[in-house]
Amino acid sequence: MRTSRALIGASVLALAIGLTTFPAAGAGATECMDVLAPGTYQSVIVPEGAVCMSEGPVRIQAGLWIRPGATFVLGSEESGWTTGTIGGGVHATDPASVQIHFATINGGIDVRGGSGPFGPPFDVTWNAIEDNVIHGHVSIVGYTGFWFGFIRNRVDGTVTLRNNVLEDPDGNEYVTNTIHGSLACSGNSPAPQVGDSEGLPNVVTGRLAGQCTGL
């Protein structure tokens, strides 16, 4: 999956040309349907079926909300820099893709459901939660995309990864995380694995349960 993501990262930059959403002065919420420009936002909503991309840095103060069929991309696996801070947590219902890299997330992550393995803007869908610092609980349940990686995150809170059923046999890569709390995995298909990530075992200070016991 790493090669495909690198190629798609280049297309993200191409899509950014001429399509930019800026912070709305005095507005409570910003709807993003193209590219989220660097800056500070009260809250950000990605409407149903929309695509919102950013290289950052961005500061979201009161929550990121991703509607059904929508895609949100912040940074990439190759970024290597701080892409921003999301306060108020990340909240997604039946998203196409949630991809967040090198960010600080205050308030945790709650992703419920998915919209299937295929669709725009990349032909296939995936969740990539990678290289973040997360303060709060993480719950990703029932995602139905093509691939899902939860990799190299530092989490202060409970992590629940459950019933994520993916098309890619190399999917559900949950590795190299440091979790100050418990990690519970169940009902994921394929079973959680290292895959081609070349990842390391997770460090979990709390209870380790279910499918992730061997990771």
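To start, this report covers the structure provided alongside it. Computed from a predicted model, the values in this text were never measured in an experiment. (Residues numbered from 1 in each chain as written. Predicted model: local features only at pLDDT ≥ 70, side-chain atom pairs only at ≥ 80, totals over all residues. Heavy atoms only, no water.)

So, on to the nonpolar core. Core analysis: the biggest nonpolar cluster contains 41 residues, and Ile100 and Phe150 have the highest contact counts within it. Those residues within four positions of Ile100 in sequence are excluded, and the remaining contacts are Leu64, Phe72, Leu74, Ile86, Val90, Ile105, Ala128, Ile129, Glu130 and Asn132. Of all hydrophobic cores here, the second largest spans 11 residues; its members include Val124, Trp126, Ala128 and Phe146. (Core = buried A, V, L, I, M, F, W, Y, C linked by side-chain atoms within 4.5 Å. Buried < 20%, exposed > 50% of the residue type's maximum accessible area, 1.4 Å probe, protein only. Contact = heavy atoms within 4.5 Å.)

Below, the discussion takes up unusual backbone geometry. Looking along the chain, the bond that leaves Pro120 and enters Pro121 is cis, with omega of 0 degrees. Tracing the backbone shows Pro121 in the loop between strand E13 (118–119) and strand E14 (123–124). Cis rather than trans, the peptide bond between Ser189 and Pro190 has omega equal to 0 degrees. Within the secondary structure, Pro190 sits in the loop between strand E23 (183–186) and strand E24 (203–204). Notably, Asn172 is not glycine yet its phi reads approximately 55 degrees, a positive angle. Within the secondary structure layout, Asn172 lies in the loop between strand E20 (159–162) and strand E21 (173–175). (Helix = DSSP H or I, 4+ residues; strand = E, 2+ residues; numbered from the N terminus.)

Inspection of the secondary structure puts Glu48 in the loop between strand E3 (44–46) and strand E4 (51–54). Since its relative accessible area comes to 64%, Glu48 is described here as exposed. Placed 22 residues apart in sequence, Glu48 and Ala70 show a C-alpha to C-alpha distance of 5.4 Å. Setting aside residues up to four positions removed in sequence, Glu48 forms contacts with Arg67 and Pro68.

Overall, the coordinates contain two disulfides when judged by the stated rule. Between Cys32 and Cys52 runs a disulfide, and the two sulfur atoms are separated by 2.2 Å. Disulfide Cys32-Cys52: the torsion about the S-S bond is 90 degrees, which places it as right-handed. In this pair, Cys32 is assigned in the loop between strand E1 (30–31) and strand E2 (39–41) and Cys52 in strand E4, connecting sequence segments 20 residues apart. (Disulfide = S-S within 2.5 Å.)

Applying the stated criterion across every chain yields a total of four aromatic pairs. Seen in terms of ring centroids, Phe122 and Trp126 are 5.4 Å apart; in terms of plane orientation they differ by 35 degrees. Their pairing is tilted. Looking at Trp126, the relative accessible area reads 2%, which means it is buried. Seen in terms of ring centroids, Tyr143 and Phe148 are 6.4 Å apart; in terms of plane orientation they differ by 70 degrees. Their pairing is edge-to-face. On the accessibility criterion, Tyr143 (0% relative accessible area) is buried. In this structure Phe148 comes out as buried when scored by relative accessible area, which is 0%. Put simply, the rings of Tyr143, Phe148 and Tyr174 touch in pairs and so form one group of aromatic residues. (Phe/Tyr/Trp six-rings, centres within 6.5 Å; stacked < 30°, edge-to-face > 60°.)

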